[in-house]
Amino acid sequence: MDPIFYPDQTDYRRTFEDERDYIRRAVMVSGSDLGPNFSPSDRFYDAWRRFPEDDASRRMGLIGADEFTRLFAASLRRAKAWIQDIIKDHLSELATVLDPIDEVASGGTPNLVAWSRGDLGILRPNGHAADDLQTVCSIADRWGDDEDLIVEESLRELTLASKIRRLEAVDDWESVTRDMTHINELCSERLWVGRKVVLTVNYAVYKDGERKGYVHPGVPITFGSSRPLATWDSESRTRPVKCRVVRDGETVWLVLTKSRPKDLEATILKEEETVLEDGKQKCRVALDRRGIMHVLVAVGVRGSWRVATPADCETFAALAHSRLWTDPLRVLDNHEPWKNPESSPDYVRVKMLGRFYRHSYRNNALRVAPSVEHQIISIETLLSSLGAQTTLNHDLYRAGRIRRVLVPKLFDGNFRRLGILPP
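Cut-offs used in this document
Residues numbered from 1 in each chain as written. Predicted model: local features only at pLDDT ≥ 70, side-chain atom pairs only at ≥ 80, totals over all residues. Heavy atoms only, no water. Helix = DSSP H or I, 4+ residues; strand = E, 2+ residues; numbered from the N terminus. Buried < 20%, exposed > 50% of the residue type's maximum accessible area, 1.4 Å probe, protein only. Contact = heavy atoms within 4.5 Å. Phe/Tyr/Trp six-rings, centres within 6.5 Å; stacked < 30°, edge-to-face > 60°. Lys NZ or Arg CZ within 6 Å of the ring centre and 35° of its normal. Axes fitted to C-alpha atoms, helices over the stretch in contact; angles between N-to-C directions. Parallel < 35°, antiparallel > 145°, perpendicular 65-115°, else oblique. Left-handed = near helix turned anticlockwise from the far one by under 90°. Nonpolar A, V, L, I, M, F, W, Y, C, P; charged D, E, K, R; others polar.

Enquirer: How do you make sense of the side chain of aspartate 312 when you look at a structure like this?
Expert: Relative to the helices and strands, aspartate 312 resides in the loop between β9 (304–307) and α12 (313–323). Residue class for aspartate 312 comes out buried when judged on its relative accessible area of 8%. Not counting the four nearest positions on each side in its chain, aspartate 312 is found in contact with Trp253, Leu296, Val299, Arg306 and Val307.

Enquirer: Honestly, the packing of aromatic side chains in this entry has me stumped. Any pointers?
Expert: The geometry of an aromatic ring pair is captured by the separation of the ring centres together with the interplanar angle, meaning the angle of the planes. With the rule as written, the count across this model stands at six aromatic pairs. Chaining the aromatic ring pairs together yields one cluster made of Phe44, Tyr45, Trp48, Phe68 and Phe72. Here the guanidinium or amino end of arginine 178 rests over the ring plane of tyrosine 361, the centre of that ring lying 3.8 Å away. Above the plane of the ring of tyrosine 357 lies arginine 330, whose end atom (NZ or CZ) is 3.9 Å from the centre.

Enquirer: Before we go on, may I ask you to explain the side chain of serine 344 in this structure?
Expert: Note on placement: serine 344 falls in the loop between β10 (329–331) and β11 (350–356). Looking at serine 344, the relative accessible area reads 8%, which means it is buried. Not counting residues up to four positions away in its chain, the partners in contact with serine 344 are Tyr214, Thr390, Thr391 and Leu392.

Enquirer: What should I look at first to understand the packing of helix α4 (residues 65–90) against helix α14 (residues 394–418) in this one?
Expert: When two helices pack together, their arrangement is given by the angle between the helix axes and the distance between those axes. Running from N to C, α4 and α14 cross one another at 120°; their axes reach a closest spacing of 11 Å. Taken as axis vectors, α4 and α14 run oblique relative to one another. The interaxial crossing formed by α4 with α14 has left-handed handedness. Where α4 approaches α14, its residues Trp82, Ile83, Ile86, Ile87 and His90 are matched on the opposing element by Ala399, Ile402, Arg403, Leu406, Val407, Leu410 and Phe411. Of the residues in the contact of α4 with α14, the class split is ten nonpolar, one polar and one charged.

Enquirer: Teacher, can you tell me more about the environment of isoleucine 87 here?
Expert: Among the structural elements, isoleucine 87 can be located in helix α4. Measuring from C-alpha to C-alpha, the distance between isoleucine 87 and asparagine 37 comes to 40 Å, with 50 residues separating the pair along the chain. Once residues within four sequence positions are removed from consideration, isoleucine 87 is found in contact with Ser92, Ala95, Leu98, Asp99, Pro100 and Phe411.

Below, the structure is given as structure tokens:
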């Protein structure tokens, strides 16, 4: 059989700290004189693809310096935007000291590379270098020196851009979205019937306490105009839901669908965490860049309807397995899922992991098999997650992971050099 390319098995993954070490080597080597025919961008490209040599750099080595420069500049723009978003969303109280230094925030790749080497030509004397700032600025609480931070922040942006570029080299976003389109077409062909339907879901949530926002089990979930009364410790909610229809003999399922292509930032965040494998700490592998979620809303049997419950997930999973998961989709039956210690115990789901076998979009003679995750949950789990104050709420879960995993790596230098404590 012809060899198959598995994006999740490529060797580009490394932690932010390890990637920064390689970038530091690349910027140092790119400062050497290779002759008049090599621009700074040429030298950086040559060094980047050698430090280190991995699946990503080998693939990028085929495109040439000009195309690499264009793509790396796009990755750098994304890295800059991501840093700003992290500050805005998770460190807003420190934004006035953590916002990237002006020159770094506006600098392009050649500038950042030079500044990472310590070539700080931007710091020119202006005739006031001898001033005693403690006398001039006596109201200052402490002193910050941007010169060292320029190196720190330049390396930070280059490292994030490099991680983005390596991921895109082995599993680009365009391929992810094209795969998702094909997978959803298979769902339409094999699962859904007719047009979508919209129904009103009525429920209640706890209004206080540890389970605030969770669906209250003492108030039944109903559909349409039938709205039960809330209890003393709950609040009523109403939400319209658009569903697909699945028929299985006399049983009809109403299913809310959610495509879940994992973007670059979310993938890098997941792969910043490490797991113990063969006695060594290795980066996690994001197997869910192509993900679909089916939320079971209602089940009807011969015209009698009820709300779907977590107990229905296994039944629907068996139906989806038999109908959807046939070529070109194949389930990995022996896969041992990673147990995330931060996942909420209240997140009840059935998960299938498999592969989508196809020809390469670059070369039809090559075969590719990216991983695909299929999650099935009940409407109760989804509704609870929307208002929960725990990690059942994915926004809170992801925010906690960013603060735990990324913030110390990205801003440790700022915290130390500015003499401030991380939140």
